[in-house]
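Residue strings, one per chain:
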Amino acid sequence: MNNTSETDQPREAEFPAEGRLLGLDYGTKRVGIAISTFEQNIASPLDNYNRQSPQQDQKHFTKIITEYRCKGLVVGLPVHMSGDEGQKAREARQFGNWISQFAEIPVCYWDERYSSAAAEEILVNMNMSRNKRKAYLDKLAAQIILQSFLDSQDRTQIPGSF
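Calculation rules
- Residues numbered from 1 in each chain as written.
- Predicted model: local features only at pLDDT ≥ 70, side-chain atom pairs only at ≥ 80, totals over all residues.
- Heavy atoms only, no water.
- Helix = DSSP H or I, 4+ residues; strand = E, 2+ residues; numbered from the N terminus.
- Buried < 20%, exposed > 50% of the residue type's maximum accessible area, 1.4 Å probe, protein only.
- Areas by Shrake-Rupley, 256 points an atom, 1.4 Å probe, with all protein chains shown as cover.
- Axes fitted to C-alpha atoms, helices over the stretch in contact; angles between N-to-C directions.
- Left-handed = near helix turned anticlockwise from the far one by under 90°.
- Contact = heavy atoms within 4.5 Å.
- Nonpolar A, V, L, I, M, F, W, Y, C, P; charged D, E, K, R; others polar.
- Pairing = 2+ DSSP bridges.
- Polar contact = N/O pair within 3.5 Å; in protein donor to acceptor, adjacent residues only side chain to side chain.
- Expected span 1.5 Å × (residues − 1).
- Salt bridge = Lys/Arg side-chain N within 4 Å of Asp/Glu carboxyl O.

J.: How should I be thinking about the overall build of the chain in this particular structure?
T.: Secondary structure assignment for the chain yields four helices and five strands. Taken from the N to the C terminus, the helices and strands of the chain come in the order β-β-β-α-β-α-β-α-α. Counting across all 162 residues of the chain, residues that qualify as buried make up 44%. A total accessible area of about 9400 Å² is found for the chain, and carbon and sulfur atoms account for 48% of it.

J.: Sorry if this is basic, but what is going on with the packing of helix H1 (residues 54-68) against helix H2 (residues 87-103) here?
T.: What describes two packed helices is the angle between their axes and the distance between those same axes. Interhelical geometry of H1 versus H2 gives an angle of 65° and a closest axis separation of 10 Å. Where H1 crosses over H2, the two elements pack in a sense that is right-handed. On H2, the residues that touch Pro54, Asp57, Gln58, Phe61, Thr62 and Ile65 of H1 are Phe95, Trp98, Ile99, Phe102 and Ala103. For the contact of H1 with H2, the residue count by class is eight nonpolar, two polar and one charged.

J.: Is there a simple way to think about the environment of Leu77 in this case?
T.: For Leu77, the position within the fold is in strand S4 (residues 72-77). Measuring from C-alpha to C-alpha, the distance between Leu77 and Cys108 comes to 9.5 Å, with 31 residues separating the pair along the chain.

J.: Help me understand the sheet that holds strand S1 (residues 21-25), please; the structure alone is not making it clear to me.
T.: Strand pairing in a sheet relies on backbone hydrogen bonds. The paired strands run either parallel or antiparallel. Strand order in the open sheet formed by five strands is S3-S2-S1-S4-S5, and the pairing between neighbours is mixed. The sheet terminates laterally at strand S3 (43-50) and strand S5 (107-111), the two strands that pair on one side only. Ignoring which end each strand starts from, the neighbouring axes of this sheet average 25° apart. Sheet contacts for H1: S1, strand S2 (30-36) and S3; angle to S3, the most-contacted strand, approximately 160°. Contacts between H2 and the sheet are confined to S1, S2, S4 and S5, with S4 contributing the most and set at about 170° to the helix.

J.: Whenever I open this one, the side chain of Ser100 confuses me. Can you help?
T.: Tracing the backbone shows Ser100 in helix H2. Looking at Ser100, its side chain comes within polar contact range of the main-chain oxygen of Ile105, at 2.6 Å.

J.: Teacher, can you tell me more about the pairing of S1 here?
T.: The side chains of a regular strand alternate between both faces of the sheet. Along S1, five of the five residues are buried, which leaves the element largely enclosed by surrounding structure. Pairing of S1 with S4, which is carried by four bridges, proceeds in the parallel orientation. Within S4, the position partnered with Gly23 by the bridge is Val74. Relative to S2, S1 is paired through four bridges, and the arrangement is antiparallel. Bridge pairing in S2 links Asp25 to Gly32. Between S1 and S2, which pair antiparallel in sequence order, lie four residues.

J.: For this particular structure, what's the right way to read H2?
T.: Helical geometry: 3.6 residues make up each α-helical turn, so side chains three or four residues apart lie on a common side. Between the first and last C-alpha of H2 there are 24 Å, a value that for 17 residues agrees with the 24 Å anticipated at 1.5 Å per step. The complete set of buried residues in H2 reads Ala89, Glu91, Ala92, Phe95, Gly96, Asn97, Ile99, Ser100 and Ala103. Where the residues of H2 are buried, they touch S1, S2, H1, S4 and S5. Glu104 sits one or two positions beyond H2 and adopts a positive phi of about 55°.

J.: Please explain the pattern of salt bridges as it appears in this structure.
T.: Opposite charge on two side chains permits pairing when their charged atoms draw close. Counting across every chain of the model gives three salt bridges. The partner of Asp138 in a salt bridge is Arg30, with the nearest N and O atoms 2.3 Å apart. Of the two residues, Asp138 sits in helix H4 (residues 130-151) while Arg30 sits in strand S2, which places them 108 residues apart along the sequence. Arg51 is the partner of Asp57 in a salt bridge, and the nearest nitrogen-oxygen pair spans 3.3 Å.

Distances and angles like these do not, on their own, reveal function.
Laid out in structure tokens, this is it:
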């Protein structure tokens, strides 16, 4: 028997084929945020959010979701190289489900393996200083996760199954 409460369950709804999507690179201290176009073909980095309290976090994400009229949420799922989910994946799911509940939009989880490494490589190749890289890393990782989802032929695939 699992210990999930009702609020840990995502909002049940068909995932939208059009409308802006919010992409998140979950972290316990900071969340990278990306946004898609209405047509769901291009993802752009939006923000890095330093987490504060559940109330402040909810206020921040509600503001973004409302302002951009987001129709769905794509959360990066940190799975192990084997494809198995660990504690961080469970935390990311709980976080995504929480946002899905209060924002009343569906959530999809997407394998985020290599997203931070790819983001770091891009920033290093741009000759950015370590401090500047830190400021861009999470939102660029969120963009990579969201763009990978947008580019996929099968948006229903289970994270870790590629």
